[in-house]
Amino acid sequence: MTNNRRKLLAPPPSGMVASLVKQLKLIARLMGDKRVSPFLKILPIASLVYLISPVDLVPGAVFPVIGALDDAAILWIGSTLFVQLCPDEVVKEHEDDLNMIASDDSDIVDAEAKDVNESK
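Residues numbered from 1 in each chain as written. Predicted model: local features only at pLDDT ≥ 70, side-chain atom pairs only at ≥ 80, totals over all residues. Heavy atoms only, no water.

Q: Go over the pattern of salt bridges, please, and point to the residues and values.
A: Scanning all chains against the criterion turns up four salt bridges. With its nearest N and O atoms 3.2 Å apart, the salt bridge here joins D96 to K92. One end of the pair is D96 and the other is K92, both in helix 4 (residues 88–105) and four residues apart, which spans about a single turn. For D96, a relative accessible area of 37% corresponds to the partly exposed category. With relative accessibility at 48%, the residue K92 sits in the partly exposed group. Salt bridges sharing common partners tie together D33, R35 and E93. (Salt bridge = Lys/Arg side-chain N within 4 Å of Asp/Glu carboxyl O. Helix = DSSP H or I, 4+ residues; strand = E, 2+ residues; numbered from the N terminus. Buried < 20%, exposed > 50% of the residue type's maximum accessible area, 1.4 Å probe, protein only.)

Set out below in structure tokens:
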């Protein structure tokens with residue numbers, strides 16, 4: 001009988017949703033970090049306020065598609081600018097922590113492979 005032990009590597013989560021979740025976690029961690037300037041923390045908050053406020057640069061009633069795109073653009077610009085303006089060492093520290101957490105979820109799985117159709 002041959003040994004069918006194999007090491008299976010679970011792929012890391014990827015894609016747009018995983019990237020978005022990671023970015024949101026990074027922003028949440030940076031918002032809670034005391035080393036980040038309180039004035040800088042206004043950027044993501046202002047982006048969210050713009051999203052829910054009735055005032056709109058491009059009204060959705062007049063331009064339906066563009067009206068939604070400007071809201072998305074404001075959120076993207078606000079979050080990207082916030083992360084870019086935070087101190088590099090603080091961002092790197094939080095990114096490393098998030099990557100460490102993500103790598104714990106995708107460890108190597110040690111398993112035996114068995115063919116259920118194999119006759120004995």
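Okay, back to it.
Q: Give a description of a nonpolar patch on the surface that names residues and reports values.
A: Nonpolar side chains collect at one region of the surface, where W76, I77, L81 and L85 lie side by side and expose about 430 Å² of accessible area between them. Among the structural elements, L85 can be located in helix 3 (residues 64–85). (Patch = residues over 30% accessible without salt bridge, like charges linked within 9 Å, V, L, I, M, F, W, Y side chains within 5 Å. Areas by Shrake-Rupley, 256 points an atom, 1.4 Å probe, with all protein chains shown as cover.)

Q: I'd like a description of helix 3, backed by residues and values.
A: It helps to recall that an α-helix has 3.6 residues per turn; residues three or four apart then point in one direction. Taking 1.5 Å per residue, 22 residues should reach 32 Å; helix 3 reaches 32 Å between its end C-alpha atoms and fits that length. Along helix 3, the residues that are buried comprise G67, D70, D71, G78, S79, F82 and V83. (Expected span 1.5 Å × (residues − 1).)

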